[in-house]
Amino acid sequence: MKAFELRGFGLDSLVLTERPDPVPGPFEVVVRMRGASLNYRDLVLLRGTYDPNLRFPFVPLSDGAGEVVAVGPGVTRVKPGERVVLSYVQDWVAGEPVPSLVARRLGGPTDGVLAEYVKVPEHGLVHAPTHLSDVEAATLPIAAVTAWHVLFGVGRVRPGDTVLVEGTGGVSLFALQLARLAGARVLVTSGSDEKLARAKALGASAGIHYRKTPEWDEAVLALTGGRGVDHVVEVAGGANLGRALRAVRLGGEVSVVGFLEGMRSELELTQAIRRCVTLRAVSAGSRTSLEHLIRALEAHAVRPVVDRVFPFTEARAALEHLASGQHFGKVALAFPG
Ligand SMILES: NC(=O)c1ccc[n+]([C@@H]2O[C@H](COP(=O)([O-])OP(=O)(O)OC[C@H]3O[C@@H](n4cnc5c(N)ncnc54)[C@H](OP(=O)(O)O)[C@@H]3O)[C@@H](O)[C@H]2O)c1
């Protein structure tokens, strides 16, 4: 089969190669990939800033969907011909995070989905949403599951709450769509007026340009009558986290998801303590979160926002497009056939 291998850090080390077709063992499933999607994580893994100890060669990319083509002895959850989505943290089926959360994630350190066929344990996949294409389904495992987990897993978003999402990338637009489904009001920040307008068309009630208004936390307070938002989906990190703490209400929640602005933050702890803010870090979500997410998307016919789809063989161009920051929502790949 054709697969991309990363043989060292940097885009020049991404090589299209041949690998043996996988054969399923007991309780294993082989999936012919039809769609994949990219995450910011793929970029930082590739650059070497996320996991400097990554072992090469490995197959990158975490998010994929496709068709079951072979099952090993004992498999009961799926049959050949069925459409499936792969779960990102393969062994996290439900409940609390599992010890293998870091060690066994598709797309680093475990081989990922940038290959024509992928073998996974049967507990590491779910049936694909009936209303979505394979490419759309492939946008769900990391970004949408994380947004779901933040809002409804560890978070407790209620109708009437105000949720702040930062930027218009994968996690943030899913958080916008899901928070709207739950009856929450959504505020969005972006570095682009055009993207702010598109986010409003998706249901955001107000937008703040974080470059034109670097003190965006003050704009959030103004938009909420001085109260602050109930929840912040904090994807920027770095110095931005301090602003998130000032933008959240007394007793509100800041979910630390990402580090687009920086991996280190210096915090005024009293900001959080005096105001009883719940500050929590979130790492993806379980297979059960993926199942609950799919049920909600199907019930309300919600479709992911797909910015652009590249052919499988143009994975490098897709990664460069993601790195450019021009995208609105998810960047995806379609496999041939
Ligand atoms: N903890 C987890 O489980 C988890 C899961 C998924 C992602 N993440 C992390 O969350 C972050 C977002 O991931 P993603 O895949 O959604 O990224 P993405 O799709 O590449 O989105 C990036 C977007 O964020 C916005 N942005 C960039 N710098 C910003 C800043 N300083 N302040 C506000 N917005 C900014 C930009 O939107 P505009 O062009 O609109 O400004 C940019 O297009 C990454 O750090 C990623 O590693 C963590």
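K.L.:
Any chance you could explain the pattern of salt bridges here in plain terms?
P.N.:
Opposite charge on two side chains makes pairing possible when the charged atoms of those side chains draw close. Counting across every chain of the model gives 21 salt bridges. A salt bridge links R7 to E5, with the nearest nitrogen and oxygen atoms 2.9 Å apart. Look at R7 and you get partly exposed, because its relative accessible area is 46%. Residue E5 is classed as buried on the basis of its relative accessible area, which comes to 9%. With a shortest N-O distance of 3.0 Å, D12 and R316 are connected by a salt bridge. Here D12, found in the loop between β1 (2–6) and β2 (14–18), pairs with R316, found in helix α10 (residues 315–324); they are 304 residues apart in sequence, far enough to count as distant. Overlapping salt bridges bring together E5, R7, R19 and D111 as one network.

K.L.:
Would you take a moment to explain the pairing of strand β12 (residues 248–256) for this structure?
P.N.:
Two faces belong to every sheet, and in a regular strand the side chains alternate between them. As paired strands, strand β11 (residues 229–234) and β12 are joined by five bridges and run parallel to one another. Bridged to E234 within β12 is V256. Pairing geometry for β12 and strand β13 (residues 278–281), over four bridges, is parallel. Its bridge partner being in β13, V256 is matched across the sheet by A281. The handedness of the β12 to β13 crossover, carried by helix α8 (residues 269–274), is right-handed.

K.L.:
Can you help me understand the packing of aromatic side chains in this one?
P.N.:
The relative placement of two aromatic rings is captured by the distance of their centres and the angle of their planes. Tallied over the entire structure, the rule returns six aromatic pairs. Considering the side-chain rings of F4 and F312, the 5.3 Å spacing of their centres and the 75° angle between planes classify their relative orientation as edge-to-face. Within this pair, whereas F4 is found in strand β1, its partner F312 is found in the loop between β14 (306–311) and α10, the two being separated by 308 residues in sequence. Of the two residues examined, F4 and F312, each falls in the buried class. Measuring from ring centre to ring centre gives 4.9 Å for F9 and F56, while their planes differ by 85°; the resulting arrangement is edge-to-face. Taken as a pair, F9 in the loop between β1 and β2 and F56 in the loop between α1 (40–47) and β4 (63–71) lie far apart in primary sequence, 47 residues in all. Residue F56 is classed as partly exposed on the basis of its relative accessible area, which comes to 31%. In this structure an aromatic cluster arises from ring pairing among F4, F312 and F335.

What counts and how
- Residues numbered from 1 in each chain as written.
- Predicted model: local features only at pLDDT ≥ 70, side-chain atom pairs only at ≥ 80, totals over all residues.
- Heavy atoms only, no water.
- Salt bridge = Lys/Arg side-chain N within 4 Å of Asp/Glu carboxyl O.
- Buried < 20%, exposed > 50% of the residue type's maximum accessible area, 1.4 Å probe, protein only.
- Helix = DSSP H or I, 4+ residues; strand = E, 2+ residues; numbered from the N terminus.
- Pairing = 2+ DSSP bridges.
- Right-handed = clockwise from strand over helix to strand, strands pointing away.
- Phe/Tyr/Trp six-rings, centres within 6.5 Å; stacked < 30°, edge-to-face > 60°.

Keep in mind these values describe shape, not function.
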